[in-house]
Amino acid sequence: MMKRPAPAAKPGTSPGHTAPRVGIVSLGCPKALVDSERILTSLRAEGYVIAPGYDDAQVVIVNTCGFLDSAKAESLAAIGEAMAENGRVIVTGCMGGEEAAIRAAHPGVLAVTGPHQYEAVVGAVHAALPPLHDPRFDLVPPQGLHLTPRHYAYLKISEGCHNRCSFCIIPSIRGDLVSRPAAAVLHEAERLVKAGVKELLVISQDTSAYGSDLKYAASPFRGREVRARFYDLARELGGMGAWVRLHYVYPYPHVDEVIPLMAEGKILPYLDIPFQHAAPGVLKAMRRPANQEKVLDRLAAWRNVCPDLAVRSTFIVGFPGETEADFAYLLDWLKAARLERVGCFKYEPVAGAASEALGLPAVPEAVKQERWERFMAAQQEISAAILAGRVGREIDVIVDAIDHDNGEIIARSQWDAPEIDGNVFLPFRPGISPGDIVRARVTEAEEYDLLADITDL
Ligand code: SF4
C-alpha cells in the first residue's frame with residue numbers, strides 16, 4: 001500500500017471504471033500536502049480517479065520533501081517503493097529540483113518536476129495517462145479535493161520565503177515570498193467553510209510576513225477592499241464562522257495586533273512560532289528573523305491581553321557551535337517562556353545550507369542526543385503543569401474521530417492543532433460526529449492530552 005493513500009473520490013462524483021486512475025504518495029509538511037491537494041483537484045476536475053493503492057493506480061505521483069538529508073533519503077526510498085510496487089512513477093515536490101539525483105537512483109521514473117509546478121505535473125500525467133473527455137467526469141467539488149478530514153483544511157496564504165535562515169534551503173527551492181492576494185485567500189476560505197470545513201489552518205513559510213511582497217495591496221472581497229496584511233487577513237478570516245488557527249508566525253511587533261482578536265474569540269488563541277533557539281549567539285548563526293531579545297516580554301504582554309493564549313514552537317538542539325552554555329541558556333529560556341506545546345529536533349547537516357559553510361564545530365551526535373533528552377524532559381514537566389491547570393475548566397472541543405472500539409470520542413481543544421499537538425478524549429455519546437464542536441469539562445490531565453466529559457447535551 002502507499003504510505004499515505006489518498007482518499008477515494010468525494011461524494012457526488014461517481015466515476016466509471018474506465019476513468020484513468022492516479023495514485024499519490026504525499027511526503028513532508030502540511031505545505032506539501034496542500035500542493036498534493038491542488039494536483040489532485042486539477043486531475044479530478046479532468047476525470048481522473050484517485051486510486052487508494054499501488055495496485056489500483058495506472059500511474060503514481062510521489063510528492064517529495066527535500067528539506068533535510070533524512071527527508072531526501074525518505075523521498076528516494078518512497079520513489080523506490082512506488083517503482084517496485086507500480087513501476088509508472090512521476091516525481092514532484094521539493095526534491096524534484098534535484099532531478100539528476102533522482103534519476104541516478106531511479107532511472108525509470110517517467111518525469112520529474114519541481115515544487116509548485118502544478119501544470120508540469122498535470123502535463124506529465126497527461127503524457128503518461130491521457131484524460132478521458134467525458135462531461136460526466138467534469139464534476140469536482142468547488143472547494144477542491146482535500147487530503148485532510150472534511151472538517152479542517154490548510155489554507156496556504158503565500159509561497160516561498162524572504163528570510164535566509166542558515167540551516168534552511170527552502171528559499172533556494174521555493175524562492176522568495178509570493179503572497180496570494182487577500183481576496184483569493186478569502187474566497188478559498190469561504191468555499192471551504194461553505195463545504196463544511198470547521199477549522200481553517202493558515203500556513204505559509206512566514207505567515208507574519210504576509211503581503212509584504214505585495215506592498216500590502218488591497219483586493220476586492222464582498223464589496224470592500226481588503227489589504228494583504230497579516231492583521232486584516234486574520235480579522236476577515238475570523239468573521240467566517242470557523243475556527244482559525246495561525247501557523248508559522250514570527251514575533252514581529254505587528255503580531256501584537258492580532259492578540260485582541262484572540263481575546264475576543266474571533267480567531268483561536270493559538271500561535272505557532274518556530275523559535276528554534278534562544279541563545280543569542282546561536283540565533284545569530286542561524287540568521288533567524290525577528291528580534292529575539294524581547295520575546296519573553298512580548299509573550300508576557302500577549303498573555304496579559306489574552307490569558308488563554310497557547311504558543312506552540314519547535315527548537316533545534318546541536319546546531320554547529322552550540323556550547324553547553326548556549327544550551328543551558330535555552331533551557332532557562334524555555335522554563336521562563338512556559339510554552340504550551342513544543343517540538344524539538346536534533347540538528348542535521350543539510351547539503352547546500354549556509355550553516356554548513358559557517359566553519360562552526362559540529363556538535364557530536366551523543367551530545368545532541370543528550371541535550372535533546374534534557375530538553376524534552378524539561379518541556380514535559382512544563383506541559384504537564386500547564387495541562388494540570390486546565391482540570392475543572394469548561395472548554396469547547398472539536399471532534400476529530402469516533403473510536404467505537406474503545407468507546408471514546410477523540411477531539412481537540414482550541415489549544416491543539418491537528419497532527420502536531422495533543423488531544424482531548426471524551427466518553428462516547430451517540431449523535432456526535434467528526435467536525436462537531438461541543439462543550440466539555442476537563443476531568444483529568446495527562447502529559448500531553450486531556451480527558452473531559454461533554455456538558456452541553
Ligand atoms: S523562515 Fe527561515 S526556516 Fe522558515 S522557510 Fe524561511 S528561511 Fe526557512
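Since this is a predicted model, take the numbers as computed values, not measurements. (Residues numbered from 1 in each chain as written. Predicted model: local features only at pLDDT ≥ 70, side-chain atom pairs only at ≥ 80, totals over all residues.)

Enquirer: Got a minute to help me understand the domain arrangement of the protein chain in this structure?
Expert: Interfaces are often described in size by the accessible area the parts lose on coming together. Splitting the protein chain by domain gives domain 1 (21-138), domain 2 (148-272) and domain 3 (394-454). Summarising the inter-unit geometry, the C-alpha centres of domain 1 and domain 2 are found 27 Å apart. Listed per partner, the contact involves 10 residues of domain 1 and seven residues of domain 2. (Domains from an automatic or database assignment. Contact = placed C-beta atoms within 7 Å.)

Enquirer: Can you help me understand the site of the ligand in this one?
Expert: Taken together, the residues surrounding the ligand are Cys161, Asn163, Arg164, Cys165, Cys168, Ile170, Pro171, Gln205 and Asp206. Split into classes, the residues belonging to the shell around the ligand amount to five nonpolar, two polar and two charged. (Near = placed C-beta within 6 Å. Nonpolar A, V, L, I, M, F, W, Y, C, P; charged D, E, K, R; others polar.)

Enquirer: How do you make sense of helix α1 (residues 30-45) when you look at a structure like this?
Expert: Given 3.6 residues per helical turn, the α-helix brings residues three or four places apart onto the same face. Helix length check: α1, at 16 residues, gives a terminal C-alpha distance of 22 Å against a target of 22 Å (1.5 Å per residue), a fit within 8%. The complete set of buried residues in α1 reads Lys31, Ala32, Leu33, Val34, Asp35, Ser36, Glu37, Ile39, Leu40, Leu43 and Arg44. Count one or two residues on from α1 and you reach glycine 47, which has phi positive near 100 degrees. (Helix = DSSP H or I, 4+ residues; strand = E, 2+ residues; numbered from the N terminus. Expected span 1.5 Å × (residues − 1). Buried ≥ 20, exposed ≤ 12 C-beta atoms within 10 Å, placed from the backbone.)

Enquirer: Would you take a moment to explain the environment of glycine 196 for this structure?
Expert: Checked against the element boundaries, glycine 196 lands in the loop between α6 (182-194) and β9 (199-203). Of the residues examined, glycine 196 has 12 C-beta atoms within 10 Å and is grouped as exposed. In this structure, glycine 196 is in contact with Arg150, His151 and Gly435, ignoring residues within four places of it in sequence.

Enquirer: What should I look at first to understand the confidence of the model for the protein chain in this one?
Expert: Any residue range with low pLDDT should be treated as having predicted coordinates unsuitable for detailed reading. Per-residue confidence for the protein chain gives a mean pLDDT of 87; residues scoring 70 or more make up 91%. Across residues 1-17, confidence stays below pLDDT 50; counting only partners more than four residues off in sequence or on other chains, it has 33 contacts. (pLDDT = per-residue confidence, 0-100.)

Enquirer: So what exactly am I meant to see when it comes to the packing of helix α11 (residues 324-337) against helix α12 (residues 365-388) here?
Expert: When two helices pack together, you describe them by how their axes are tilted relative to each other and by the distance separating the axes. Two elements in contact, α11 and α12, have axes separated by 10 Å at closest approach and are oriented at 10 degrees. Here α11 is positioned roughly parallel relative to α12, judged by the angle of their axes. Between α11 and α12, the contacting residues are Phe327, Leu331, Leu334 and Lys335 on the first element and Arg371, Arg374, Phe375, Ala378, Gln379 and Ile382 on the second. Here the contact of α11 with α12 is composed, by residue class, of six nonpolar, one polar and three charged. (Axes fitted to C-alpha atoms, helices over the stretch in contact; angles between N-to-C directions. Parallel < 35°, antiparallel > 145°, perpendicular 65-115°, else oblique.)

Enquirer: Would you mind going over unusual backbone geometry with me for this structure?
Expert: Trans peptide bonds make up most of the peptide bonds, and negative phi angles are found at most residues other than glycine. Look at tyrosine 248: it is not a glycine, yet its phi comes out positive at around 55 degrees. Relative to the helices and strands, tyrosine 248 is located in the loop between β12 (243-246) and α8 (259-263). Take tyrosine 248: there are 22 C-beta atoms within 10 Å of it, and that puts it in the buried class. The phi torsion at glutamate 419 lies on the positive side, around 75 degrees, for a residue other than glycine.

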